[in-house]
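Geometric and topological summary
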Amino acid sequence: MFRFGLRNLRRLQDVPLLEIKPITLLVGRNSSGKSTFLRSLPLIQQSLMTRIRSPILWYGQSVDFGSFEGAVYMNDTNLPICFKFGLDNVQLDDPYRPSYRSDAIPIGDVNVEISIVADHDSTRISEMNIVICDTGDRINLEISDTDSISQVTVNDRSYTGAFSEYQLAITSGSIFPDIIRRRRDAPSPYFLLDFLEDAFIAEVENIMPSRIAGKTKISLAASLMKQWPLTASSVAESMRHLG
């Protein structure tokens, strides 16, 4: 099931994650934000389907929100506009399984919140929050105005220092950016999720305690975490199916 929520969009100051089903009823007074909620889905769709430098295309063929200033709550450009997504039954591919097996390791439900802020005449992603619902583990990424990841926090514990030899960044131009890292002395980028073994090894046992057998080596568990398919392409594909 797909869940969706919003914060600081037009009249919608804070909408928690709501399940979007084939038939979904929205009930409320006139001018309470029902149309804004409905129009926010094609807003994301047109942003994904059009190549732009900003994460959101505020006006396009599907809907027209004008601009960030016109779309943000109370026209307060100091506030972020946040898009919330809930993904059910996220699974890990097991790189060690035999080729004839298609087993996947279930992680459970995952919630993602992406914050958009004004940046001169454009907008950018300022923060990403990821919650693994089964365990309550929280991953927070703070992003600078150059799309570099300036702070990495897992369960309120900073891991920024673990990346001192690397430059962490997100790809611009998408509401669902890829998270990449590159060595400071080498130009070739790699997905951040390929680096979990080094950076998040202390957190793997907490994130997947019920998924790991007692004799499983922590290095194997970390390798499995690398395969978590929470990337721009997988999330975007889910959004495209909304039509």
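Since this is a predicted model, take the numbers as computed values, not measurements. Residue numbers here run from 1 along each chain, matching the order of that chain's written sequence. In view of the model being predicted, local features appear only for residues whose pLDDT reaches at least 70, and side-chain atom pairs are presented and counted only at 80 or more, with totals across whole chains, interfaces and linings using the full set of residues. Hydrogens and water are ignored here; the side-chain numbers use all heavy atoms of the structure.

Relative to the elements of secondary structure, Asn155 occurs in the loop between strand E7 (149–154) and strand E8 (157–158). Between the C-alpha atoms of Asn155 and Gly136, which are 19 residues apart in sequence, the distance is 8.8 Å. In this text, helices come from DSSP runs of H or I with a minimum length of four residues, and strands from runs of E with a minimum of two, each type numbered from the N-terminal end.

A few words on the pairing of strand E1 (residues 2–9). Buried, partly exposed and exposed residues are distinguished by accessible area as a fraction of the type maximum, computed with a 1.4 Å probe on protein chains only: under 20%, between the cut-offs, and over 50%, respectively. For E1, the buried fraction is high: seven of the eight residues fall into the buried class. For two strands to count as paired, DSSP must find a minimum of two bridges between them. Summarising the sheet, E1 and strand E2 (residues 12–20) pair through six bridges and their orientation is antiparallel. Considered in E2, the bridge of Arg3 is made with Glu19. Between E1 and E2, which pair antiparallel in sequence order, lie two residues; one of them, Arg10, sits at a positive phi of approximately 50°.

With that settled, the discussion passes to the pattern of salt bridges. Think of a salt bridge as a Lys or Arg side-chain nitrogen and an Asp or Glu carboxyl oxygen that are within 4 Å of each other. For the coordinates displayed, the defined rule picks out five salt bridges. The salt bridge involving Glu19 is made with Lys21; its shortest N-O contact spans 3.6 Å. A relative accessible area of 44% places Lys21 in the partly exposed class. Across the pair Asp156 and Arg138 runs a salt bridge whose closest N-O atoms are separated by 2.7 Å. Linking Asp156 in the loop between E7 and E8 with Arg138 in strand E6 (residues 137–143), this pair joins segments that are 18 residues apart in sequence. Its relative accessible area of 66% is what places Asp156 among the exposed residues. Of the residues examined, Arg138 reaches a relative accessible area of 37% and is grouped as partly exposed.

Bringing helix H1 (residues 34–49) into the picture now. An α-helix turns once every 3.6 residues. As a result, residues three or four positions apart point the same way. For a helix, the expected span equals 1.5 Å multiplied by the residue count minus one. The end-to-end C-alpha distance of H1 is 24 Å, a good match for the 22 Å that 16 residues give at a rise of 1.5 Å each. The angle separating two fitted axes, one through the seven residues that finish at a residue and one through the seven that start at it, defines the bend at that residue. Approximately 25° is the largest bend angle found in H1, and it occurs at Ser40, with the proline Pro42 only one to four residues beyond. Looking at H1, one finds that the buried residues are Thr36, Phe37, Ser40, Leu41, Leu43, Ile44, Gln46, Ser47 and Leu48.

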